[in-house]
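Analysis of the macromolecular model
If you want the building blocks of each chain, they are given just below.
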Amino acid sequence: MTLRARSSARLALLLILVSATAAQEFMFYPYYGKNKVIYETFRWKSYPTEHFRIYFYTEEPRTLKNVAEVAESAYQKLSEALKHQLADPVPLIFYTTYTDFELSNVFDISEGVLGVSEPLLHRIGIHGDMPLDELQRLVEHELAHVFEFDILWGSQSAALYALNIPPLWLFEGLSEYATQDWSAWSTMIVRDAVLNDRIPEMTESGDLTTRFPMPRDPSYDFGHAIYDFIEARYGKNAVKDLWQSIKGSPLIRRITPVKKAFNIKPHDFNHEFQKYLREKNRKFLLRENPADYSIALGPKFPLNPYYFTFSHAVSPSGDLVAALTYNVTDFDVDLVLVSTEDGSIIKNITPGFTTEYEYIVYEYDPSLGSDIAWSPDGDTIAFIARDGRKYSLYLIDPVRGGIVGKYKIGHDRPSAPRFFPDGRAVMFTAFTQGTHDIFELDLQSGEIVNLTRDDYFEKAPAISPDGLSVVYSIRLDNTDKLFLSPLADLSQKTQLTFGPGNTTCPSFSTDSRRVYYVGDVREAFNIYSVELASGEIKRYTDVWTGNFFPSAHPSDPGTLFFSSFNKGSYQVFTARLEGTVEDRVTFAGLGSAQPPRRFRPALTLDIEDKKIEPYPGINKLYVARRPPIDVVVSSDGSLYGGAALAFGDLLGDHNFLVMIYQARGLRSYYLSYLNQKRRLQFMPTVFEFTMFYYPPYAYIDPLLYDRLTYQDAIAYRKITSANIEAYYPLNRYYRLEGNLGFYRYEENFFDPYSLNQQSSRPAGYNYFWNGNVLSFSLAFVGETTHFSPYYGPRAGHTFRFSLAQAFPVAQGFFSNTTVRADLRKYLYLGGDALVALRLEGWASRGRDPYVSYYGGNNQVRSAYFYNIVCTEGWFANAELRLPLINVASTIIGTIGPIRAVLFFDITRAKFNGYPGKFYLSPEPLRPPVVLDAIGSYGWGVQLFLLGLPIHIEWVKKLGWPDISDPFSLQTYGQFETKFWIGLDF
Amino acid sequence: MRKNSPILLCLLVLLAACRGGDTYRKIRVELPAYSTLHPEQFEQAIFSGFLVAKEPDGLDLNKEIAEYFGPDFEKKLHFRVTVQRVALESEELFRKPDFWRSLAPGPSRVLYVTGKAELTREMRKSILGKAKSDADDPLAQQRGGVAERTLFSLSLHLYLIRGDSGEVVLDRDFKETKAYTNPKQRADFAFYDLAQRVRTKLFRPILSEERMQERYLLLK
Amino acid sequence: MSKTTLAVIALAFLGISLVSGCAGPHLKDQVGFGIWAADNDLWDEAIFRWKKVLGQDPLSVAAHNNLAVAYEKKGLWEEARKEYEAALKLAPDNPWIKLNFKNFKDNLEPGKSDKKDKAAPDEKK
């Protein structure tokens, strides 16, 4: 199973899942992960073209033809431009829809990802939820990456060994440059930065950096601009020269690419580059600055913690604007209410985190329409969110914030919800079978009807207030044009806008007589309107970046709300705009004069059915990822190190893992095969795992207390196993796990002779496990925990319940029944502060109860590492984690984030048949204190250095002589300083 | 129980306070002043002189009034301001529309600023009681004797009259007084101080400026 | 029951009371919604909500009174007067409406409202 865990720890997670009865032994990766549910199993096929092998599962022949033509056209264009050929066919994996793309076992897809390429096997992953011209551009972009990998590293697997990766702008910039096209979005980002004097700069090491917030990494847009500049300054061949120069870079030391290629220092390059951009954008200087319209309404990061208005909707009164925005402190998309009087944020109506939906859908591309809508009665706001396999439309109360309605949408990428004027239904757009149509959702019955049912790409519908018409845009060839239809029959299409440029984001005036929209005929999106009776077109703005989503004030004609791109983000503005008449048009029916233009790739191909082959599956394996090297230090000073190698098939359905791991000279080996082709996934495994721990020898023979330290009693446990594990995810958060396996246990002291010599008991310590186990276990696992990018768990809960039975099938086989529970709760306090609670318990009964060991690190801090051994026990932790410093610049480099922690823990443990007691010797030569439970309290700091989570803590031991009186606890000894490396639970 | 009484009392008080908003909610809200004058109907203000009953020597009250209030009409109401002295014989003239209409015949968007004005000055004396001696500062001057104050009073009966109809659109009486310890206080400076108070009260209704007031919203 | 338990229960009770009593108007209804909007200086929104109430319940005293206050805020004097009179017709003995209406009338007479202003202090050395 591929879990949505952080990739650096994914391998360790697989190790945890091997043995259902050995949870305590794996302390360094404490999360169970969320599930990627493979809702559908695809019947993959492949088709070879001259330069690709296309993997697909769609039955629609036209789709394969389109993809093949797009791919070969892209190859021809790039090969000519870069004067380079690829030696091997490129594996192009085509997913019919975005939600199918998310099920990929090769790529880790998150919201907003259009396509992916990877350097190991040169695989490209794309999906079909977009118009054909955009698919062409996407394939050109991703294929350019493959060319880059090939130019840089030569062969497919050479990327495995590359230690020095060039700056990101080199890759993304070239991929954008290779399309020979500037998208409106990209143009706007660059122009905005130039005119606001926020151009990113190249550092001495060659990276592109900016201290201003930007909607995406500047490597894309400014990388593109850098290549344009290089071509303008040094000629067309200079681009290839640049790539040739970085090809020979040494492994360790990186030389700035522009210095190496053009002998120009970064600060001189920055000066020239900025001059070039300013000259290119000079003509826009005299245009309107969005800040002149009004104060910005809503998100004004860093003045408030909200950045970017993806979409907005005006309330029926005009006093409020709902804005979909990014919450910088929670790293989450939220819906906020903004006052149109003074632009202040009145309320966040989706605070914190929820499991009612996975994430709210948002779009960077305004042409797809606004992603939220306010109901005509003002009582609800509609938005679309990811809900399991597909999406749902949600209705939220704007004042109390609770979800008041939810409607499943079975189509892909729904967007642009719009209420009907009578509030009984919602209109939206979505993909269905490769086309993008307009739908109606009845709010009473939940029924969804496709209103367009054609192969046009309809977008961003708006319904007239009188309920008679609907206006929307259609992508014709590679531009958007506006169309009007009667609401009763959307097959009747009247074209409203003509000529060059795009026209999008339509909305009606309050009297339904005029349609407002935006158009980019002046190289920036400005607000226009067309009067439906006369065809008169007015232009209202002449902005230097772009204005979007114009909507009329509900009760004040002449005042418009709109979104404008300003200082790196979309912000909402309002203005009283008169407009000037620019033109008068005559409307026409779609295709009445001539057939509408459709985009076609440059090359045309015929598909030969006989060349279509079924995907062979496990037939051929490849190295799946570069071997990671993990290091952990435990509180007894032990160093753990390991490495792994993963192999898989091309589609990632079949994965083999080989892992080697060492601590204190004890080696462990692991080999597994994971089949994640279907929803029910299974993993047969063989391993030999050797670990150490510290049996409490003094529990058996107290006389040893005075002669030895706890570390002298170090013992090893070796488990050799062959087992099979199965996983069935119920949804993203909960799953069932089962395990059937054979285990052989061997345990003894490192130095058994001297330990038993010193013991007064002739039998010595006789709780070692030596024997065989045939066991079956079941577990129920859940994780709703939301993780912060820096600190780990933030809010939610995590649990694991398991039941294992060992069967005495023959002589030498153990027999026991073991139950385990691990419960965690995270209470988010805001600002990265939280209370983390954990309760973990287990009990093993039977003839041969299982012996577990734990202690130290963040389990029981005052105990020695792995020094508490028992057959039954529990421990509980409570931690208050408080952020101290986000990032700090020091003489040893940048450290951070740094967090403080206040902690408390308590534990009880016992061997079956014996009283559960702890023995403490607070003073030498005195009899030990007998305690029912032990624990600790204290404080510490956690910081990240070189990517490792380091903990320094001051710990005091607690003891409970009588656990029935919880307040009878005592403290023992002084505060001890402890150090360990590992993740928080 | 006795020990806990203060705690219980506090609890009860708190609960009572919280339960107080059952049927109504008192709010403080800035409400605009009511105005009968609609400034958008005019484009020019003419200071046509005031009937001056009394003014200190050396002070031209008409000039001072025009110079002080004229810029406000210009900046706040965007009027063109001119001074055009008119012979005012008596108060009755203010209520004669024909007279004012005749000054600017034909349709006009003119507002006449006129009325009665008076600035008086008087000296007032009062006897001060002896202050107790201060033990901390025995050297402090012990007061006593007679205190003098110069008292200025500005009475302004202001009329704003429409030029096209002769109708009085604003008829307000202002009286402001201020005392100064300086016996040589200049009259023009005193006028400035007093006119400042008049200005605030005059323009609040004209511009519908907001003022904090209490209202009650009903909850059910 | 120990003292600690008693204290915990008392604190919990206080907490619940504070939340329920001091939390402000219930937002389950449009009147409450309008009050929330008024609290946030969103008077057009408040007018929208209270007019909505009157559309469903023309005899709502709260909506008439509150709408009158909102109209005052917007400088719509005639509309405010009509709403106050409607509210008083429905609830002639309501002291809060009567007080509102009195203050409303005082506000219409500039001289009367000026007298309420605090005079600036005289100059003293």
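Residues numbered from 1 in each chain as written. Chains lettered and ligands numbered in written order. Predicted model: local features only at pLDDT ≥ 70, side-chain atom pairs only at ≥ 80, totals over all residues.

Okay, helix 2 (residues 61–82) of chain A next. Residues and elements named next belong to chain A. Across its 22 residues, helix 2 extends 32 Å between first and last C-alpha, which sits within 8% of the 32 Å expected from 1.5 Å per residue. Along helix 2, the residues classified as buried are Leu 64, Asn 66, Val 67, Ala 68, Glu 69, Val 70, Ala 71, Glu 72, Ala 74, Tyr 75, Lys 77 and Leu 78. Those residues of helix 2 hidden inside the fold are in contact with strand 1 (45–48), strand 2 (52–56), strand 3 (90–95), helix 4 (132–153) and helix 5 (168–178). Positive backbone phi, at 50 degrees, marks Lys 83, one or two positions downstream of helix 2. (Helix = DSSP H or I, 4+ residues; strand = E, 2+ residues; numbered from the N terminus. Expected span 1.5 Å × (residues − 1). Buried ≥ 20, exposed ≤ 12 C-beta atoms within 10 Å, placed from the backbone. Contact = placed C-beta atoms within 7 Å.)

It is worth spelling out unusual backbone geometry at this point. All names here are of chain A. Positive phi, close to 55 degrees, is recorded for Gln 180, a residue that is not glycine. One non-glycine residue, Ala 460, lies in positive phi territory at about 45 degrees. Of note, Ala 460 is situated in strand 20 (residues 458–463). Since 26 C-beta atoms lie within 10 Å of it, Ala 460 is described here as buried.

All right, on to the interface of chain A and chain C then. At the interface, twelve residues of chain A touch ten residues of chain C. Class assignment for the residues of the side of chain A that touches chain C results in four nonpolar, five polar and three charged. (Nonpolar A, V, L, I, M, F, W, Y, C, P; charged D, E, K, R; others polar.)

In many analyses, interface size is given as the accessible surface area lost on bringing the parts together. Residue and element names in this part refer to chain A. Split into domains, chain A comes out as domain 1 (9–37 + 618–981), domain 2 (45–162), domain 3 (164–286) and domain 4 (299–589). Placing a centre on the C-alpha atoms of domain 2 and another on those of domain 4 gives a separation of 32 Å. Domain 2 puts ten residues into the contact, and the matching count from domain 4 is ten residues. A class-by-class count of the residues in the side of domain 2 that touches domain 4 yields two nonpolar, four polar and four charged. (Domains from an automatic or database assignment.)

As a further point, take the pairing of strand 24 (residues 503–508) of chain A. All names here are of chain A. Counting buried positions along strand 24 gives six out of six residues, so the element sits mostly inside the fold. Two strands pair when backbone bridges link them, and strand 24 and strand 25 (residues 514–519) are joined in this way by four bridges, in the antiparallel orientation. Bridging from a neighbouring strand, Phe 508 pairs with Val 515 of strand 25. Count of turn residues in the strand 24/strand 25 antiparallel hairpin: five residues, of which Ser 512 carries a positive phi of about 65 degrees. (Pairing = 2+ DSSP bridges.)

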